[in-house]
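What follows is the residue order along each chain.
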Amino acid sequence: MWDIVARPLHASIIGSKWVFDVKLHPNGSLGRFKTRVVAQGFKQEFEIDYEETFAPVAKMQTVKTLFVVAALRGWCLKKLDVKNAFLHGDLKKTIYMECPPGYLGGDKSKVCLLHRFFYGLKHTTRAWFEKFQDTILLAGFTHSDNDPSLFVQRIDRGITILLIYVDDMLISGYNVGRIQELTATLHATFHLKELGDVSYFLGLEVQLGEAFGRFGSNRIEIMYTGFPSSIKSQTEL
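Because the structure is predicted, anything quoted here is derived from the model rather than measured.

### Observations concerning the pairing of strand β4 (residues 30-39)
For strand β3 (residues 16-24) and β4, the ladder comprises nine bridges, and the chain directions are antiparallel. Its bridge partner lying in β4, K17 is registered against V38. In this structure, the hairpin formed by β3 and β4 is closed by a connection of five residues, where G28 is found at a positive phi of approximately 95 degrees.

### Quick look at unusual backbone geometry
The phi angle at N84 is positive, at roughly 50 degrees, despite the residue not being glycine. Along the chain, N84 falls in the loop between β5 (76-82) and β6 (96-98). With a relative accessible area of 43%, N84 lands in the partly exposed category. Although it is not a glycine, V166 sits at a positive phi angle of roughly 60 degrees. Looking at the element boundaries, V166 is found in the loop between β10 (158-165) and β11 (168-173).

### A few points about the layout of surface pockets
Regions of empty space are outlined by a rolling probe, equal in size to a water molecule, passed over the atoms. Approximately 1,200 Å³ is the volume found for the largest pocket. Forming the walls of the largest pocket are 34 residues, and the residues nearest its centre are K23, R32, K34, D81 and D168. Those elements that provide at least two residues to the lining of the largest pocket are β3, β4, β5, β12 (192-197) and β13 (200-201). Broken down by element, the residue count for the lining of the largest pocket peaks at six residues, all from β4.

Reading the values: the criteria
- Residues numbered from 1 in each chain as written.
- Predicted model: local features only at pLDDT ≥ 70, side-chain atom pairs only at ≥ 80, totals over all residues.
- Heavy atoms only, no water.
- Pairing = 2+ DSSP bridges.
- Helix = DSSP H or I, 4+ residues; strand = E, 2+ residues; numbered from the N terminus.
- Buried < 20%, exposed > 50% of the residue type's maximum accessible area, 1.4 Å probe, protein only.
- 1 Å grid on protein atoms, 1.4 Å probe; cavity = no way out; pocket = protein on both sides within 12 Å on 5 of 7 lines; lining within 4 Å.
- Points joined across faces, edges and corners; volume = space filled by probe spheres on them.

Take a look at the structure:
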């Protein structure tokens, strides 16, 4: 993650801080407590510490279209989460960071020399997406011209579709074996958490019909949980 080194005399050094968060379940109940160290990226200087920062995310209409296609064709629809996704990007520039508060007893003569991308850096999201894109393209996928977060592979064994939104993924397709192979390929590069059949994605609560994932047309019920309960609506596909 980093090495502790002597403070350089003529280098830009960004700050760091602790961030505490509470993760909730889709129904609003308490999930778990989280804490992490983040870099204070607002101190980074353009064209010195970073360049491009933009990273694409899946469009909501693409997500809904994937649900429709999976339902009509009887495809399985799996969800995966990448653990510590932003730490996977390849760091190409030297970045120094102040030691987290309380670390090393507050010794100001030492700083952290980062070896990997870190939460809070301005270009972390872009670097993560580029790393993921390189990996999935190498696996034989191509990205959609209409949505760069949608990747498709067409082979004799059928079509496999992968949609990514930051660190959340949906994988769907006709061939379950191919989906398992793809998951294993991603496991070899990233730390994944397999969440099984999708039940919640981007504020959408998804309920799959009993026959979902088998041959033939199936039903998906979607509840828009990202809005106040007074304006929730339900859609059947």
